[in-house]
Each structure stands twice: as structure tokens, then as C-alpha cells.
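# A structural walkthrough
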Amino acid sequence: LGMIVPTAIATDESNKNLIKDLVEKKSLVSFFDFTNRGYLFHDTESTFSFALVTITNNGISEVLFAAQLWKLQDLKKNRIYKLTADDILLLNPNTLNLPVFRLPKDAEIVTSIHRLIPILQPIAYESINGWTVQFRQGLFNMTSNSNLFRKKSQLESDGYIANGNEYTHNQKRYIPLYEAKHINQYNHRAATFEGVPNDLIYGTRPRTNKPTIRELNDPDWSVLPRYWVNYKDVERKISNNWKYSWLIGFRNAVSAVADSRSLVATIIPRVGVGNSMPVVFLENHAKECCLFLANLNSFILDYVVKQKVSGGNLNFYIMHQLPIIPISFYNMRITDYICEHILKLIYNSKEMCAFANDLGFDSKPFEWNEDERLSLRADLDIIYAYLYRISKRDLEYILDSFDVYA
């Protein structure tokens, strides 16, 4: 049987039982994924993904795959690769959803990474990587919790006084509500609503301004959010196991067009967080939290993410099945090296004093220097290329692949 179906039938968690059945019964012959950028279907969005799927009842030991194709002729350009049922189980053991590798070389590299590095949160057996992680879809839903949000004009008319980017009145305290648009890798001050007209702040596509280097170099400067939430409501939402005065967040939207990086994470103050920024709670000490953050932001893991994401969202079932470096892979020297780099990248603002203190650092924030930051991030990426045991040849291939997406 051959059919044309949305790619999501094989890549989304909601369809996992169907795909699991096809894989286990060895019924899947081939899965060829297309994006409509070549407009094979003229009246359909260019971003829509569909697949040519063939199934049989004869029993197939290897499945033929191709992904991210634009036209039928792409099938003739060495884009087809083979995976066994064991390979699929190795790559996505929790869901058995199908991978969508761009090229056979991508399948080779990612499969070899998974053979060495366990996934973050397996559900079929106990985790062996030392991480105890809980993901939360932000702290507040931007729709269902909107009754808890206050605008700047509302707070000021109610007599609240600004203190930095917080508001206080009669012992009540309203703190910023962060959204994904506020952050970038190792930067919780990547965008602000300061200077944006009201009609562009609260529209369907809210606009932000980028901070200047002068603002980023000011440790007292903080971003202006769209909304504020009551401090007590925030505290009620934070996990009881989380003991730090800061949070780890990442953007859940993936855009290869807008960003060369798919996984963007950073440390943020202990504030309200909208559902566009999932929050990570770890039952690990502060230095290990730094290791986890550095791993999330490494371009090696980002490369894996690009092969695993078929839609526009970085869903939790994808995060659970990412190959994350086990704690046992780090020695004291590498741990200290990574933490020193993370500290310099994160601690540019007084809002991050508590984070610096948790790492045993009690001096003033570091200056914002673009060249130094680039060098620090490059150092971290090389460390993770080493930890993932990536060969020089494969490393060059991965770096070149970022040019394709960027």
C-alpha cells in the first residue's frame, strides 16, 4: 500500500502507537519526507510537510528513508538511507517515532552518537546518566492565566512604584513575566519592549527592540516585559524541589529560517515565565546545572535536534530522547572549566548575583564583550565535540551543515 500523508503521522508522539505497530511488525517499506517548498502542491503552505509512505505484510528488515526533500528528483541524489527496527528503537526508544535525517551522513553520525550517549529520560528502563529532570511548559499559560497579568499602565494607575523592572505597593510585589522572545543563548536580556509603541506590543505579532551594547554593559539595566505577575503566584508555580533564586529556560519554537540554532537556553532571574519558554527543574547542584545548560547550547546537540524536529516546536518527548552527556563523563577539571565559562557568559547583570554566588563567586558582574563571548562559546563547543567523541571529519561536516540552516 502506498499513500501520501502528513509527515506528522510518523514523527509526532500522538501517532506513536501506529508507528510502533508498523515497525514491530516490519510492515514499513519506505518513508520519504517532503517539504512543500518546491510547491508540489500549489495551494498548500510552503512549510507544510508530507510523506510518501509504503507498507506491506511481507516483513521488511530494513526501512528506506529520505527526508526534507523538495522535489521527486531529490530521491535520485543519494538522499536515501536505510534504518533497521533496532536503529529506530535506539534513536527514539520512548516513542518509536521515525527520524527525518536530511542526508545519509546525518543518519550515520546521529546513530553513532546514540550508540555512545544515553537519552535524557528513558521510560522503558531506569536512567543511567545521573540527571533528574522535570520540564514545565513555562509557569503561566499566556491565554488561560491572562487574568493574573498586569500591564505597566494598570500597575501605575493602582499606585505601584517601579523599582528596576519590578513594581511594589503596600507590601505587594509584581515581577516581570518573561517570554521566549526575551532570551538568547546565555543571555536573559536579548530583547526588550522598551521604546516599542503600545499598539505593537499587544498585537498579534508583538515587536521588541534589541538592547544596545551600552545597555548590555550596564549591570543595572534590565529588560522591560509586556506583563507583570504577582510574586506569590510565581512562587506557587515553582517546583518545591527547586532551591535556587534563578531558573533555566529555553525557547520552544524552532525556526531554521530565523535562527541558525534550534535549541536556545539560558539562566533567567526567578520571575514569571510564559508558556513559550519551557522551564527546566533539576535535582542537581549549581555546577551540574551549568553542565546541563552548556550541553543544551552545544552545537553538537543542536545538530541532533535539527535531525529530530519535524515541526516548529521543541516538544518534551523530543527533549526526553536527546542524547545528553552523563554526569559521569565529566571530571573535575572539565567541570570547573565549563562552569568558569558559563559564569562569564551569564553573569553580566546584577540580576544574576544569586547565580554567581551559587557558583562561589561574589565579585562584580563581568563586562559584556562580544569577541570574548564568541571565544567562550567556541571553547564550550569544542569541549562538547570531545565529550560526544566526534571525529575531526564529522565535526567539519556538522559545522558545514549549520551553513545550510543559517
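Residues numbered from 1 in each chain as written. Predicted model: local features only at pLDDT ≥ 70, side-chain atom pairs only at ≥ 80, totals over all residues. Heavy atoms only, no water.

Glancing now at the sheet that holds strand β14 (residues 279-282). Hydrogen bonds along the backbone pair up the strands of a sheet, which may run parallel or antiparallel. Taking strand neighbours across the sheet as the criterion, the four strands line up as β6-β14-β11-β12 in an open arrangement whose pairing is antiparallel. Strands at the two margins of the open sheet, each flanked by one partner only, are β6 (133-136) and β12 (265-269). Direction aside, the axes of adjacent strands within the sheet are offset by 35° on average. The pairing of strand β11 (residues 246-250) with β14 spans two bridges and is antiparallel. Opposite G249, over in β14, you have V279 as the bridge partner. Against the sheet, helix α9 (residues 286-297) touches β6, β11, β12 and β14, its axis set at about 135° to β12. (Pairing = 2+ DSSP bridges. Helix = DSSP H or I, 4+ residues; strand = E, 2+ residues; numbered from the N terminus. Axes fitted to C-alpha atoms, helices over the stretch in contact; angles between N-to-C directions. Contact = heavy atoms within 4.5 Å.)

Across the ten residues that make up helix α10 (residues 299-308), a large majority, ten, are buried. Residues of α10 that are buried include every one of F299, I300, L301, D302, Y303, V304, V305, K306, Q307 and K308, and no others. (Buried < 20%, exposed > 50% of the residue type's maximum accessible area, 1.4 Å probe, protein only.)

With that settled, the discussion passes to the nonpolar core. Judged by nonpolar contacts, the single largest core of 110 residues is most densely connected at W131, W242, I338, I342, F355 and Y384. Residues contacting I342, with those up to four places away along its chain left out, are Y186, C290, L293, A294, F355 and L380. (Core = buried A, V, L, I, M, F, W, Y, C linked by side-chain atoms within 4.5 Å.)

Here we take up the pairing of strand β5 (residues 81-84). Of the two faces of β5, the one lined by Y81 and L83 is fully buried and the one lined by K82 and T84 carries no buried residue. Looking at chain direction, strand β4 (residues 62-69) and β5 are connected through four bridges and run antiparallel. Considered in β5, the bridge of E62 is made with T84.

With that settled, consider the packing of helix α4 (residues 104-116) against α10. Two elements in contact, α4 and α10, have axes whose closest approach is 11 Å; the angle formed by their N-to-C orientations is 120°. Comparing their axes, α10 and α4 come out oblique. Remark: the crossing between α4 and α10 carries left-handed chirality. In this structure, α4 contributes K105, D106, I109, V110, I113 and H114 to the contact, and α10 contributes I300, Y303, V304, Q307 and K308. Residue classes in the contact of α4 with α10 are distributed as six nonpolar, two polar and three charged. (Parallel < 35°, antiparallel > 145°, perpendicular 65-115°, else oblique. Left-handed = near helix turned anticlockwise from the far one by under 90°. Nonpolar A, V, L, I, M, F, W, Y, C, P; charged D, E, K, R; others polar.)

Across the sheet, five strands lie side by side as β1-β3-β2-β4-β5; this open sheet has mixed pairing. A single partner strand is all that each edge strand has here, and the edge strands are β1 (2-6) and β5. Going across the sheet, the axis of each strand differs from the next one's by a mean of 25°, ignoring polarity. Pairing of strand β2 (residues 28-35) with strand β3 (residues 49-55) involves seven bridges; the strand directions are antiparallel. When the bridges of β3 are listed, F32 appears paired with L52.

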